[in-house]
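# Residue-level structural notes
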2 protein chains.
Amino acid sequence: MKIAVIGGTRGLGKWIATFLSRKGLDIVVTGRNEVTGESVSKKLGVEYIQDNIKAASIADIVIISVPIDATPDTIREIGPVMKEGSLIMDVTSVKKEPSEIMQEYAAKGVEVLPCHPMFGPRIRTLDGQVIVLTPIKTGEWYDKVFQFLESENARIIVTTPDIHDRMMSIVQGLTHFAYISIARTIEKLDIDIKESRKFASPIYNLMLDTIARITAQNPYLVYSIQTKNIYIKETHETFLNTFTELKDLIATENQEEFVSSMSSAAKHLDDLESALGRSDKAISVLTEEVSTLKKQMGREVGLRHIYSGKVHIGILDKLTPDFLTLTKNKTSTRLKLSNVEVLNNEELLQWKLDNYTKKSYDISGTFPKGCNPDIIANTVNSLQDVVDAKVIDTYQGNQIAQGNVSVTIRYSIINENASIAVEKLLMGFGSQIR
Amino acid sequence: MKIAVIGGTRGLGKWIATFLSRKGLDIVVTGRNEVTGESVSKKLGVEYIQDNIKAASIADIVIISVPIDATPDTIREIGPVMKEGSLIMDVTSVKKEPSEIMQEYAAKGVEVLPCHPMFGPRIRTLDGQVIVLTPIKTGEWYDKVFQFLESENARIIVTTPDIHDRMMSIVQGLTHFAYISIARTIEKLDIDIKESRKFASPIYNLMLDTIARITAQNPYLVYSIQTKNIYIKETHETFLNTFTELKDLIATENQEEFVSSMSSAAKHLDDLESALGRSDKAISVLTEEVSTLKKQMGREVGLRHIYSGKVHIGILDKLTPDFLTLTKNKTSTRLKLSNVEVLNNEELLQWKLDNYTKKSYDISGTFPKGCNPDIIANTVNSLQDVVDAKVIDTYQGNQIAQGNVSVTIRYSIINENASIAVEKLLMGFGSQIR
């Protein structure tokens, strides 16, 4: 089975090609720029064909991942040349128009499955990610794709192109557009954001962070979504009227109407208690992190960079509101607090296990007869940086004093000092190390 | 020194009265409703006087905590009767108008200190809370108040009434107003929020939670802030023009202008990298919590209710996206996930120590001579639910077999089963329990 990813040399298309090729599938990617194409082909170990038509005509599944603007023409170009019994999918953020064009232009016997992955190319697995499918009619390919996504633990939403676009006119259309407008207003009023943060509650700071996040998106993608979703026009107009209405209620000091409008809007939103709970937690995570770190000053701390995934381990010896410094082997690393997350003890141990060289040792010691060697091994295992401790031998005989037994334990360590602790433990219980 | 809290029987005023009276200060509260007043007086152990003028005339500090609308008249009423050398403060969300009226109406020799605490009456301490002071001129009282707030670890911002109001026109004026307008638009378009959440990315869900949170505020307070802050009119108008401009760029398909406006707004916002980092963390806290809990199914879990602070401990035996069930002594408790936070091991132990009855036990066992009793005690202490283990006696003599020593350890447990584990540990190392 061959899968052609049209536009598979960049962005989400490249992510899809990478992901599927790692699953062992036979992938061909297309893309206008030959140099990029050859480089991606080499890096991912997938085939590269510059010509969309050629790639589409030999594939069993064609996934179109080109900018929204280019999607209709790309479908018109490749739909007619596709093999009978093959599948055509798109991954654009609007579903109505591409669905209609795919149905119109796909060759006879080609199954159509419009699709909208609700994530960007930064994710690592599909686990928990939302993917919207808007099948025109469900067929064999639909079942296969569904099962594949299910086995990857994705959250699959099946709906119609119409409902999808209507929901997106709020999800992406209204909120994003309003946030961008807020950012633009702040710019026009020439407010110093950094200064305003000092005045602000944690919820305001989180709001600002969210506004910054949305405004920093790819503006061309935002533009495409705003122009291509047919429901967005109504949404914009309703918002504009609503804002004007509320503004006028304030200007004319109509308290009664304002209060009633605001209360009514609040009631329409779902489960307020949960919303408060979740946002409280989101706010507190940042302040709690700082207090966790304060307690660990001068001690070993593990931090994971939230984007690169890189883990830094060292003694925490400096902490300011924005930065911290870890020191290891006399080298200090300064890290931005907002870019790292603190590993808990379990995560730190797991990371050490995965990354440090484990060294295996055997230790033999005498204990009174009637001892339980497994309990001794478990106790060794509970020491810091010691793993995999188990009894490999017990021995009674001439070389061992009367009433005693020799127990040999094999254990691994991920830190040189841990061996000393093992010896100290056994000797502490009166064992003679042999 | 007597402190009068005008409007101290409700809301933030009541919180201030409670907080200061716990610090041992002599408080008198006023409030129109006599029944409420007497009840608060009894509950907090503070004096209640119905008459503002009477209370203000005997106080060394007067703190005005009445609704914004009522603030000017209240100042005009009580300012003239205040003692020479006393202090007048207000705690309203706008600063320009109250500052001016306080200066005009306060009796001769009264110091004026306008103030805006950026928190509501749900907080427990001032630690880390933002308080804005806009002193007209700094005097003795200012120094005292500043030192007090500093000793409570509050974050104090000193600025002018004008700068305060201008910042607040963004912090509270623009963002809150836009969020309320979004909620009202969603209501008008009759979008099913619960349904839309299914389609959505975690950032959208966090946005919705924030919108719900802001919209659920006291609408009368929002109304007052919007009408009383003189800068808000300009902010509303600038936003309205900006939204209209951006909307028109979309309607006329002016990609170039839209992209340039959005990029320019993004650049004006501060440090994007930190904003992304912080919001990523805020988003991930909710999903991470679920995966932490999944790993603990069938095991003991401690959960703290985020509002009441109540801790629930039990075996986690059910987990759905919204709810979880803990079972203890055959009683099951169903909790809403958004309302609880998971305690880590240290927090759980600390809670048990603070709340369970500790029982103290002594255990004596024989060990080979040359053992280190302190290491044995430390090992006992590392067992789950065991604390305070220490050596209280060592003994060699007739009753102890040749070459052995008897060690007595005193330890405390916070869980009945822990004693069995102590005995098992010592016997596991071959000790004979005496």
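Numbers given for residues are sequential positions, taken from 1 along each chain in its written order. Following the order in which they are written, the chains are lettered starting with A and the ligands numbered starting with 1. Note on the predicted model: pLDDT of at least 70 is required for a residue's local features to be given, and 80 or more for side-chain atom pairs to be given and counted; whole-chain, interface and lining totals, by contrast, use all residues. The basis for every side-chain value is the complete set of heavy atoms in the structure, and neither hydrogens nor water enter the calculation.

Here the focus is the nonpolar core. By size, the foremost hydrophobic cluster in this structure holds 88 residues, and its most contacted members are Tyr179 and Phe258 of chain A together with Tyr179 and Phe258 of chain B. In what follows, residue pairs with any heavy atoms lying within 4.5 Å of each other are defined as contacts. For phenylalanine 258 of chain A, the residues in contact, after removing those within four places along its chain, are Leu246, Leu249 and Ile250 of chain A together with Phe177, Pro219, Val222 and Tyr223 of chain B. Definition of nonpolar core: a set of buried residues of the types Ala, Val, Leu, Ile, Met, Phe, Trp, Tyr and Cys, connected through side-chain atoms within 4.5 Å. Think of it in three bands: residues with accessible area under 20% of the maximum for their type are buried, residues over 50% are exposed, and the middle band is partly exposed, with areas taken using a 1.4 Å probe on protein chains only. Listed in part, the 38 residues of the second largest apolar core include Val405 of chain A together with Cys371, Ala389 and Leu426 of chain B.

Quick look at the pairing of strand E9 (residues 300–305) of chain B now. Residue and element names in this part refer to chain B. Two strands qualify as a pair provided that DSSP identifies no fewer than 2 bridges between them. Comment: elements are numbered from the N terminus, with helices defined as DSSP H or I runs of at least four residues and strands as E runs of at least two. As paired elements, E9 and strand E10 (residues 311–319) share five bridges and run antiparallel to each other. Bridging from a neighbouring strand, glycine 302 pairs with isoleucine 313 of E10. From the end of E9 to the start of E10, which pair antiparallel, there are five residues, and glycine 309 there has a positive phi angle of about 80°. Here E9 runs beside strand E13 (residues 340–342); their pairing, made up of three bridges, is antiparallel. When the bridges of E13 are listed, arginine 304 appears paired with glutamate 341.

Here the focus is the interface of chain A and chain B. Facing the 131 residues of chain A at the interface are 131 residues of chain B. Note on chain A versus chain B: buried area summed over both sides is about 12,800 Å², and carbon and sulfur give 70% of it. Of all residues in chain A, Phe199, Lys281 and Phe429 of chain A give up the largest surface area on contact with chain B, accounting jointly for 7% of the area buried on that side. The working definition used for a salt bridge is a side-chain nitrogen of Lys or Arg within 4 Å of a carboxyl oxygen of Asp or Glu. Along the contact surface separating chain A from chain B lie 10 salt bridges. The salt bridge involving aspartate 280 of chain B is made with arginine 213 of chain A; its shortest N-O contact spans 2.8 Å. The term polar contact refers here to a pair of N or O atoms within 3.5 Å; inside protein, the definition further demands a hydrogen-donor-capable atom paired with an acceptor-capable atom, and it admits residues adjacent in sequence only when both atoms are side-chain atoms. Viewed at the interface, chain B and chain A are joined by 36 residue pairs in polar contact (both at pLDDT 80 or more). No other element matches helix H7 (residues 161–188) of chain A, which puts 22 residues into the side of chain A that touches chain B. Each residue belonging to the side of chain A that touches chain B can be placed in one class, and the counts come to 66 nonpolar, 34 polar and 31 charged. By convention, the term buried area covers the 1.4 Å-probe accessible surface removed from two parts as they join, with the contributions of both added. Throughout, the ten residues Ala, Val, Leu, Ile, Met, Phe, Trp, Tyr, Cys and Pro are labelled nonpolar, Asp, Glu, Lys and Arg are labelled charged, and all others, Gly among them, are labelled polar.

All names here are of chain B. Reading across the sheet, the five strands line up as E12-E11-E10-E9-E13 and stay open at both edges, with antiparallel pairing between neighbours. Pairing within the sheet leaves two strands with one partner each, and these edge strands are strand E12 (331–336) and E13. Strand after strand, the sheet turns through a mean of 50° between neighbouring axes, direction not considered. With respect to the sheet, helix H14 (residues 345–355) is in contact with E9, E10 and E13, its orientation differing from that of E10 by roughly 135°. What counts as an axis is a line fitted to C-alpha atoms, over the stretch in contact for a helix, and the angles between N-to-C directions run from 0 to 180 degrees.

Below, the discussion takes up the pairing of strand E1 (residues 2–6) of chain A. Residue and element names in this part refer to chain A. For E1, a buried count of five out of five residues is recorded, marking the element as mostly surrounded by other parts of the structure. Side chains of E1 alternate between two faces, with Lys2, Ala4 and Ile6 and Ile3 and Val5 buried alike. Across five bridges, the pairing between E1 and strand E2 (residues 26–30) is parallel. Looking at the pairing, isoleucine 6 lines up with threonine 30 of E2. Between E1 and its parallel partner E2, the chain crosses via helix H1 (residues 11–22), and the hand of that crossover is right-handed. Relative to strand E4 (residues 61–64), E1 runs parallel, the two being bridged by four bridges. Pairing of alanine 4 across the sheet is with valine 62, part of E4. By convention, a crossover is right-handed whenever its connection, traced from the first strand over the helix to the second and viewed with the strands pointing away, goes clockwise.

Residues and elements named next belong to chain B. Secondary-structure assignment places lysine 295 in helix H13 (residues 272–295). What makes lysine 295 exposed here is its relative accessible area of 64%. When the C-alpha atoms of lysine 295 and histidine 176 are compared, they prove to be 39 Å apart, with 119 residues separating the residues in sequence.

This part is about the UniProt feature "domain: Prephenate/arogenate dehydrogenase" (unreviewed entry) in chain A. UniProt positions are given in the numbering used here, feature names are shortened, and annotations may be inferred rather than shown by experiment. Within the UniProt annotation, "domain: Prephenate/arogenate dehydrogenase" (unreviewed entry) is assigned to residues 1–280 of chain A. The span residues 1–280 of chain A is 57% helix and 12% strand, and its two end C-alpha atoms sit 49 Å from each other.

Within this structure, the stated rule accounts for 46 salt bridges over all chains. In this structure, the salt-bridge partner of glutamate 47 of chain A is lysine 2 of chain A, at a minimum N-O distance of 2.8 Å. Of this pair, glutamate 47 of chain A sits in strand E3 (residues 47–48) while lysine 2 of chain A sits in strand E1; the two residues are 45 residues apart in sequence, bridging distant segments of the chain. Looking at lysine 2 of chain A, the relative accessible area reads 15%, which means it is buried. Where aspartate 388 of chain B meets lysine 358 of chain B, a salt bridge forms, and the shortest distance between an N and an O atom there is 2.9 Å. With aspartate 388 of chain B in strand E15 (residues 386–395) and lysine 358 of chain B in the loop between H14 and strand E14 (359–368), the pair connects residues that are 30 residues apart, well separated along the chain. The class for lysine 358 of chain B is partly exposed, based on a relative accessible area of 41%. By sharing partners, the salt bridges in this structure join Lys2, Asp26 and Glu47 of chain A into a single network.

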